[in-house]
Amino acid sequence: MKVHELVARFAKAGESSAAMTAARAELDALRGDVGAIEQALRYISGTGGNARQVFYRSPTITLLKVCFPNGRRTPPHTHGAWAQILLLSGEEKNTLYRRENGRLRKAGEMTLKPGSVLPMLAETAHVAECIGNVPAIGLHVYGGDVLNLPRQMWNPETMEEHALDWTLYEKFAQAASKAASAPAP
Ligand SMILES: [Fe+2]
């Protein structure tokens, strides 16, 4: 598996009029190849899912490698577009939220293992956390240029909503990681 092959597959899916479905089909086709994808993306270092881990972006699709080390938990956040995760290694718990009367409400949770795919609609917020002793590494696909889309995040302690700001996000992530569990309003 070469990076350009991954990019070609998802760039094409992004041109589809049903891009989320097309990207899901590509992710399903890759579920048995997670080791090869992880190997191909090994050159991308760093943790979290920030701009440095983006390896392709266009107006319709963003691809990034996300690595959450042991003990790392995100604050609740949205992606500004649909988002799908293919877990490559480790184990990652996702807590899902929906808006109700302007507040976030827990809507469910899903624990991903290598080969699991988690699809999220644009309005879905989530918390991702590494569970287990090895980093949770995933291929994340977003239905737009994630660095330019308006996104939201929530203070994990007060559940106050904010526009996504990376400096504040990091503070929230540290607070979220110290908590016993993801917020469950
Ligand atoms: Fe996310």
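Residues numbered from 1 in each chain as written. Predicted model: local features only at pLDDT ≥ 70, side-chain atom pairs only at ≥ 80, totals over all residues. Heavy atoms only, no water.

Focus: the nonpolar core
Applied cut-off: Buried Ala, Val, Leu, Ile, Met, Phe, Trp, Tyr and Cys residues that are joined via side-chain atoms within 4.5 Å together make up what is termed a nonpolar core. Residue exposure (1.4 Å probe, protein chains only): buried if accessible area is under 20% of the type maximum, exposed if over 50%, otherwise partly exposed. Only DSSP runs of H or I with at least four residues qualify as helices, and only runs of E with at least two residues qualify as strands; both kinds are numbered from the N terminus onward. The contact criterion used throughout is that any non-hydrogen atoms of two residues lie within 4.5 Å.
Residues Phe 10, Leu 86, Leu 139 and Val 141 are the most contacted members of the largest nonpolar core, which totals 23 residues. Looking at this core, the elements with two or more residues in it are α1 (3–15), α2 (19–30), α3 (34–40), β2 (62–68), β3 (83–89) and β8 (136–142). Those residues in contact with Leu 139, other than ones at most four positions away along the chain, are Leu 6, Phe 10, Leu 27, Leu 41, Phe 55, Leu 64, Gln 84, Ile 85, Leu 86 and Leu 88.

Some remarks on the pattern of salt bridges
It is possible for side chains bearing opposite charge to pair when their charged atoms get close. Rules: A pairing counts as a salt bridge when a side-chain nitrogen of Lys or Arg comes within 4 Å of a carboxyl oxygen of Asp or Glu.
In total, this model carries 13 salt bridges according to the counting rule given. The partner of Arg 72 in a salt bridge is Glu 170, with the nearest N and O atoms 3.0 Å apart. Here Glu 170 lies in helix α4 (residues 166–178) and Arg 72 lies in the loop between β2 and β3, a separation of 98 residues in the sequence. A relative accessible area of 17% means that Arg 72 is categorised as buried. Salt-bridge contacts for Glu 109 lead to Lys 93; the nearest nitrogen and oxygen are separated by 3.8 Å. Note that Glu 109 is positioned in strand β5 (residues 103–112) and Lys 93 in strand β4 (residues 91–100), a separation of 16 residues in sequence. Through salt bridges that share partners, Arg 24, Asp 28 and Arg 31 make up one connected network.

Quick word on the coordination of the iron ion
For the record, the criterion: Water is not among the atoms examined, so metal sites may look incomplete; donors are the N, O and S atoms within 2.8 Å of the metal, or within 3.2 Å for Na, K and Ca.
Those protein atoms acting as donors to the iron ion are His 77 (NE2), His 79 (NE2) and His 126 (NE2), and they sit at 2.1 to 2.2 Å. Residue His 77 is classed as buried on the basis of its relative accessible area, which comes to 5%.

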